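Report on the structure
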Amino acid sequence: MIDAVELVVGSYVDNLCKGVKVATTKGVAYLLVGRREYPLIEGSVPPTLHIYTREGHLFIYSFWRSNEREHEAFIKASLTRVHLLKNGLLIEPHGTLEKFDAYVLIKLLGPRDMFNLLKRIINEEKFMAKEENGEVVSTYLEEYLKTRR
């Protein structure tokens, strides 16, 4: 079975080769399930997010260090399920997120131009998706869930 680190890094390398880089910015991300909020990407200083698009999907990656541990995260969302908020993105449940009726909230710290670019890409590229696949992998979330047990 492939572990989370291999999945995140493998997907990142794939998008370096085949995807279109949209932006690099700082931000955090949370998984919202019912009334509960779980951290996907979080740090005392907001980690760097690498945003790509390919085949009607948005891919967000982050690699950061927190509490002397390395963390990796990967969020994949169909552009038809991504909504631009004032300071971030909201992703509706789809793909693996649908099993838990889970939303993803991504807070972005970037210039207004970046949000305008994201809006344009979402509107222009959302019909390129043949399938609506949503997926989230986060070593930070895995560690968070282990410590809560």
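For the structure itself, consult the block above.
These lines cover the structure that appears in this document, whether it is placed above or below. (Residues numbered from 1 in each chain as written. Predicted model: local features only at pLDDT ≥ 70, side-chain atom pairs only at ≥ 80, totals over all residues. Heavy atoms only, no water.)

**Some remarks on the environment of Cys17**
Here Cys17 shows up in helix α1 (residues 4-18). When the C-alpha positions of Cys17 and Thr147 are compared, they lie 36 Å apart, and in sequence the two are 130 residues distant. (Helix = DSSP H or I, 4+ residues; strand = E, 2+ residues; numbered from the N terminus.)

**Description of unusual backbone geometry**
Located in the positive-phi region is Glu55, a residue other than glycine, with phi close to 50°. Its place among the elements puts Glu55 in the loop between β3 (48-54) and β4 (57-66). Its identity is not glycine, yet Asn67 carries a phi of approximately 50°, on the positive side.

**Notes on the nonpolar core**
With 31 residues, the main nonpolar core has Ile75, Ile106 and Leu108 as its most contacted residues. Tallying contributions element by element places helix α2 (residues 112-125) first for this core, with 5 residues. Dropping the residues within four chain positions of it, Leu108 is found in contact with Thr25, Lys26, Gly27, Leu49, Ile51, Asn87, Gly88, Leu89, Met114, Phe115 and Leu118. Judged by nonpolar contacts, the second largest core, of 8 residues, contains Tyr12, Phe59, Tyr61 and Val137. (Core = buried A, V, L, I, M, F, W, Y, C linked by side-chain atoms within 4.5 Å. Buried < 20%, exposed > 50% of the residue type's maximum accessible area, 1.4 Å probe, protein only. Contact = heavy atoms within 4.5 Å.)

**With respect to α2**
With 14 residues, α2 ought to run about 20 Å at 1.5 Å a step, and its terminal C-alpha atoms sit 20 Å apart, in line with that. By the burial criterion, the buried members of α2 are Met114, Phe115, Leu118, Ile121 and Ile122. Buried residues of α2, viewed axially, fall in a sector of 125°; they line one side. Residues of α2 that are exposed and angled more than 90 degrees away from the buried face: Asp113 and Glu124. Elements that come into contact with the buried residues of α2 comprise β1 (20-33), β3, β6 (82-85), β7 (88-91) and β8 (102-109). (Expected span 1.5 Å × (residues − 1). Arc of directions from axis to C-beta.)

**Quick notes on the packing of aromatic side chains**
Taken as a whole and assessed by the stated rule, the structure comprises 8 aromatic pairs. Ring geometry for Tyr12 against Tyr61: centres 5.2 Å apart, planes inclined by 70°, an arrangement best described as edge-to-face. Highlighted residues: Tyr12 in helix α1 and Tyr61 in strand β4, separated in sequence by 49 residues. Tyr12 sits in the buried class, given a relative accessible area of 16%. Assessed through its relative accessible area of 0%, Tyr61 is described here as buried. Seen in terms of ring centroids, Tyr12 and Phe63 are 5.1 Å apart; in terms of plane orientation they differ by 70°. Their pairing is edge-to-face. (Phe/Tyr/Trp six-rings, centres within 6.5 Å; stacked < 30°, edge-to-face > 60°.)

**Some details on the pairing of β8**
By the bridge criterion, 8 bridges tie β1 to β8 in an arrangement that is antiparallel. Directly across from Val33, in β8, lies its bridge partner Ala102. (Pairing = 2+ DSSP bridges.)

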